[in-house]
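Examination of the molecular architecture
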Amino acid sequence: QKEVEQNSGPLSVPEGAIASLNCTYSDRGSQSFFWYRQYSGKSPELIMSIYSNGDKEDGRFTAQLNKASQYVSLLIRDSQPSDSATYLCAVKRGNTDKLIFGTGTRLQVFP
Amino acid sequence: SQTIHQWPATLVQPVGSPLSLECTVEGTSNPNLYWYRQAAGRGLQLLFYSVGIGQISSEVPQNLSASRPQDRQFILSSKKLLLSDSGFYLCALSSGRGYNEQFFGPGTRLTVL
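Residues numbered from 1 in each chain as written. Chains lettered and ligands numbered in written order. Predicted model: local features only at pLDDT ≥ 70, side-chain atom pairs only at ≥ 80, totals over all residues. Heavy atoms only, no water.

Let's talk about the overall build of chain B
Quick note on the threshold: Secondary structure elements are defined from DSSP: runs of H or I of at least 4 residues count as helices, runs of E of at least 2 residues count as strands, and each element is numbered from the N terminus. All radius of gyration figures rest on C-alpha atoms, and the globule criterion is 2.2 Å times the number of residues raised to 0.38. We call a residue buried when its accessible area falls under 20% of the maximum for its residue type, exposed when it is over 50%, and partly exposed in between, using a 1.4 Å probe and counting protein chains only. Residue contacts follow a heavy-atom distance rule, with two residues in contact if any of their heavy atoms lie within 4.5 Å. Charged-residue counts in this description rest on Lys and Arg as positive and Asp and Glu as negative, His and the chain ends being excluded. Here the site of a charge means atom NZ of a Lys, CZ of an Arg, CG of an Asp or CD of a Glu.
Regarding its fold elements, chain B presents 0 helices and 11 strands. Listing the helices and strands of chain B from first to last along the sequence gives β-β-β-β-β-β-β-β-β-β-β. By the compact-globule yardstick of 13 Å for 113 residues, chain B fits well, its C-alpha radius of gyration being 13 Å. Its C-alpha atoms give chain B principal-axis dimensions of roughly 40 × 25 × 20 Å. Residues counted as buried form 47% of the 113 residues belonging to chain B. Here the contacts in chain B between residues at least 6 apart in sequence split such that 55% fall between residues at least 24 apart. Averaging the positions of the 8 positive and the 6 negative side-chain charges in chain B gives two centres separated by 7 Å.

Describing the interface of chain A and chain B
Our working rule: Note on terms: buried area is the combined drop in 1.4 Å-probe accessible area of two parts once they are placed together, counting the loss on both. Whenever a carboxyl oxygen of Asp or Glu lies within 4 Å of a side-chain nitrogen of Lys or Arg, that contact is scored as a salt bridge. Whenever two N or O atoms come within 3.5 Å, that pair is a polar contact, provided that in protein one can donate a hydrogen and the other can accept it, and provided that, for residues adjacent in sequence, both atoms are side-chain atoms. Three categories are distinguished: nonpolar for Ala, Val, Leu, Ile, Met, Phe, Trp, Tyr, Cys and Pro, charged for Asp, Glu, Lys and Arg, and polar for the others, with Gly belonging to the last.
Contacts between chain A and chain B engage 19 residues on the former and 20 residues on the latter. Interface area, chain A with chain B, both sides summed: about 1600 Å², of which 55% is carbon and sulfur. In this structure, the connection of chain A to chain B is made through 1 salt bridge. One salt bridge in this structure joins Lys98 of chain A and Glu59 of chain B, with 2.8 Å as the shortest N-O distance. For the pair chain A and chain B, the interface holds 9 residue pairs in polar contact (both at pLDDT 80 or more). For the side of chain A that touches chain B, the secondary-structure elements that each account for two or more residues are strand S4 (33-38), strand S5 (45-50), strand S9 (85-92) and strand S10 (99-101) of chain A. Here the side of chain A that touches chain B takes 3 residues from S4 of chain A, the largest share from any one element. The residue makeup of the side of chain A that touches chain B, split by class, is 8 nonpolar, 6 polar and 5 charged.

Remarks on unusual backbone geometry
For the bond from Gly9 of chain A to Pro10 of chain A, the omega torsion is 10 degrees, close enough to zero to count as cis. The residue Pro10 of chain A is located in the loop between strand S1 (4-5) and strand S2 (11-14) in this model. Cis geometry is adopted by the peptide bond preceding Pro8 of chain B, which originates at Trp7 of chain B and carries an omega value of 0 degrees. Position of Pro8 of chain B relative to the elements: it lies in the loop between strand S1 (3-7) and strand S2 (10-13). Its identity is not glycine, yet Gln70 of chain A carries a phi of approximately 55 degrees, on the positive side. Within the secondary structure, Gln70 of chain A sits in the loop between strand S7 (61-66) and strand S8 (71-76). The backbone of Asp78 of chain A sits at a positive phi, close to 50 degrees, despite the residue not being glycine. Among the structural elements, Asp78 of chain A can be located in the loop between S8 and S9.

Let's talk about the packing of aromatic side chains
Using the following cut-off: Think of it this way: a Phe, Tyr or Trp ring, Trp meaning its six-membered ring, pairs with another when their centres are within 6.5 Å, and the plane angle makes it stacked under 30 degrees, edge-to-face over 60, tilted otherwise.
One pass over the full model with this rule turns up 10 aromatic pairs over all chains. Pairing Tyr36 of chain A with Phe104 of chain B gives two aromatic rings, centres 5.5 Å apart and planes at 80 degrees, and the pair type is edge-to-face. You can see Tyr36 of chain A sitting in strand S4 and its partner Phe104 of chain B sitting in strand S10 (residues 103-104), one on each of two chains. You'll find Tyr36 of chain A and Phe104 of chain B in the same group, each marked buried. A network of ring pairs unites the aromatic residues Tyr36 and Phe101 of chain A together with Tyr34, Tyr36, Tyr49 and Phe104 of chain B as a single cluster.

Some remarks on the side chain of Asp85 of chain B
Take Asp85 of chain B: it is sitting in the loop between strand S8 (73-78) and strand S9 (87-94). Residues in contact with Asp85 of chain B, not counting those within four places in the same chain, are Arg37, Asn63, Leu64, Lys80, Leu110 and Val112 of chain B.

What follows is the structure in structure tokens.
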């Protein structure tokens, strides 16, 4: 079992729809969770971080964390073509400073 | 605000040649620094991390090495490149405090022929 798992996609959604990206992790002791956006050929950009169970909203983005189910998700409301990218889920391992990354989900938003 | 510089942006090297990639940061002091590699179609792999000058931890045994000669400088090196060293090399930093979010530099795309 991979430490952090994501569906590779592509996830295709129409413009204006809600995109839902999912991630599961294996280390029950993980405390910090991050979503990065990576455009093709570019470096990852941190877009959301979440540390407590529940929802965290920032503009069109909502991160959801369920530690009991070891599940973290990212919702993108009113999806735009400019949101088309690969979204990487990252989990901080235990009480270290190291991040474990999933392989990413490719999102395609079509007009 | 903090800034991460990496150079070169792209690099094509023959097998067996040496490598030196440099990462410098601005706008922060005593950061944690990281080297990652992203191979084509694969996830980010942590190669090295450093919590201070001269302090290097290796995550994956391989023909690469890292050094941190100054607080804001992190160098990735190899004496002899392999074909499998091709990839996108990313330097990242975190504050080492609080939630310790990591931020990435622009990366160096290395092709070994």
